[in-house]
Amino acid sequence: MTLGGANVWTNFSYGYRNESPSGWLLSPDRSRLILFTRNKKSPRNSMRIFAHTYYANDLGEPMAIKSSTQIYLDNAWDKWHDLQLEGWTFEELELPESV
């Protein structure tokens, strides 16, 4: 029994929540970018993340793809945080359109 009110669970959100790392990280020397995206075909109980590594041009934009890997969610979060600790920065970029 709760005095003075109902025993109610609330579902407030404090801040932004991502279920997986998502977006671009730029290397400190601005020569490489890594794009993290969720593999939409992976099951939720075994989520996998694509990590596409690109060469970057002088402006820090993707120029050519270097490699792609697919990693489990926990390992992707570890890599995302480790890269940021090493000086990689989050960038808001879009893939260049193919002609």
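If you're wondering where the values come from, they're calculated on a predicted model, not measured in any experiment. (Residues numbered from 1 in each chain as written. Predicted model: local features only at pLDDT ≥ 70, side-chain atom pairs only at ≥ 80, totals over all residues. Heavy atoms only, no water.)

J.: Describe the overall build of the chain, naming the residues involved and giving the relevant values.
T.: Helix and strand counts for the chain stand at one helix and five strands. In the chain, the succession of α and β elements from N to C terminus is β-β-β-β-α-β. Burial statistics for the chain: of 99 residues in total, 27% are counted as buried. Considering only contacts within the chain whose residues lie at least 6 apart along the sequence, 50% involve residues at least 24 apart. (Helix = DSSP H or I, 4+ residues; strand = E, 2+ residues; numbered from the N terminus. Buried < 20%, exposed > 50% of the residue type's maximum accessible area, 1.4 Å probe, protein only. Contact = heavy atoms within 4.5 Å.)

J.: Break down unusual backbone geometry for me, citing the residues and quoting the values.
T.: Phi angles above zero are rare outside glycine, and R30 is one such case at about 60°. A residue is classified by how much of its surface remains accessible, and R30, at 40% relative accessible area, is partly exposed.

J.: Could you give an account of the sheet that holds strand β4 (residues 62-72), with specific residues and numbers?
T.: One open sheet accounts for five strands, arranged β4-β3-β2-β1-β5; its pairing is antiparallel. A strand with exactly one partner marks an edge of an open sheet, and here the two such strands are β4 and β5 (89-91). Within this sheet the neighbouring strands show an average axis-to-axis angle of 30°, counted without direction. Here strand β3 (residues 48-56) runs beside β4; their pairing, made up of nine bridges, is antiparallel. If you follow A51 over to β4, its bridge partner there is T69. Contacts from helix α1 (residues 73-85) reach β1 (23-26), β2 (32-38), β3, β4 and β5 within the one sheet, and its direction differs from that of β4 by about 135°. (Pairing = 2+ DSSP bridges. Axes fitted to C-alpha atoms, helices over the stretch in contact; angles between N-to-C directions.)

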